[in-house]
Amino acid sequence: MMKKILAGTLVILLLGTVCVQAISEKDQELIDAAEDGDIKEVKAAIKAGADVNAKANDGDTALMYAASLGYTEIVKILEDAGAEE
């Protein structure tokens with residue numbers, strides 16, 4: 001019985017680890033730049049290989065931030081780079 005409980009706990013811990021992913025520094029820089037309306041930094045982050053569809057801890061993407069804040073030029077840059085949501 002104790003082995004089953006320990007095995008179940010291990011599975012839950014492993015699944016929890018898979019679900020909680022930290023985003024890369026490049027991806028966070030892109031998200032921050034989009035939220036700040038910093039076109040130059042958005043372009044630099046994309047050029048450096050940031051994932052344009054990466055999600056921040058709250059689940060929002062750079063595109064979501066830019067669109068909600070009215071940064072239309074950044075929205076266009078992100079969409080041109082392949083951002084989808």
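Here we summarise the structure given alongside this text. Just so we're clear, the structure is a prediction, and the values are computed from it rather than from any experiment.

What counts as what
Residues numbered from 1 in each chain as written. Predicted model: local features only at pLDDT ≥ 70, side-chain atom pairs only at ≥ 80, totals over all residues. Heavy atoms only, no water. Helix = DSSP H or I, 4+ residues; strand = E, 2+ residues; numbered from the N terminus. Buried < 20%, exposed > 50% of the residue type's maximum accessible area, 1.4 Å probe, protein only. Contact = heavy atoms within 4.5 Å. Axes fitted to C-alpha atoms, helices over the stretch in contact; angles between N-to-C directions. Parallel < 35°, antiparallel > 145°, perpendicular 65-115°, else oblique. Left-handed = near helix turned anticlockwise from the far one by under 90°. Nonpolar A, V, L, I, M, F, W, Y, C, P; charged D, E, K, R; others polar. Arc of directions from axis to C-beta.

Take the overall build of the protein chain next. Check the secondary structure of the protein chain and you find five helices and zero strands. If you list the helices and strands of the protein chain from N to C, you get α-α-α-α-α. Residues classed as buried in the protein chain amount to 25% of the 85 residues present. In the protein chain, once contacts between residues fewer than 6 apart in sequence are set aside, the share between residues at least 24 apart is 56%.

Take alanine 34: it is sitting in helix H2 (residues 25–36). The class for alanine 34 is buried, based on a relative accessible area of 0%. Setting aside residues up to four positions removed in sequence, alanine 34 forms contacts with Val42, Ala62, Ala66, Tyr71, Ile74 and Leu78.

When you line up the elements, threonine 61 lands in the loop between helix H3 (39–47) and helix H4 (62–68). Excluding anything up to four places from it in sequence, threonine 61 contacts Asn53, Ala54, Lys55 and Glu85.

Across the interface, H2 lies against H3 with an axial gap of 8 Å and an inter-helix angle of 160°. Overall, the two elements H2 and H3 adopt an arrangement that is roughly antiparallel. Classified by chirality, the crossing of H3 by H2 is left-handed. Contact with H2, carried on its side by Lys26, Glu29, Leu30, Ala33 and Ala34, involves Glu41, Val42, Ala45 and Ile46 of H3 and no other residues of that element. For the contact of H2 with H3, the per-class residue count stands at six nonpolar, no polar and three charged.

This brings us to helix H5 (residues 72–80). Among the residues of H5, those classed as buried are Ile74, Val75, Ile77 and Leu78. All buried residues of H5 lie within an arc of 165° about the axis, which places them on one face of the element. Away from the buried face of H5 by more than 90 degrees, exposed residues Thr72 and Asp80 are located. Of the surrounding elements, those touching the buried residues of H5 are H2, H3 and H4. With its phi angle positive at about 105°, glycine 82 sits one or two positions after the end of H5.

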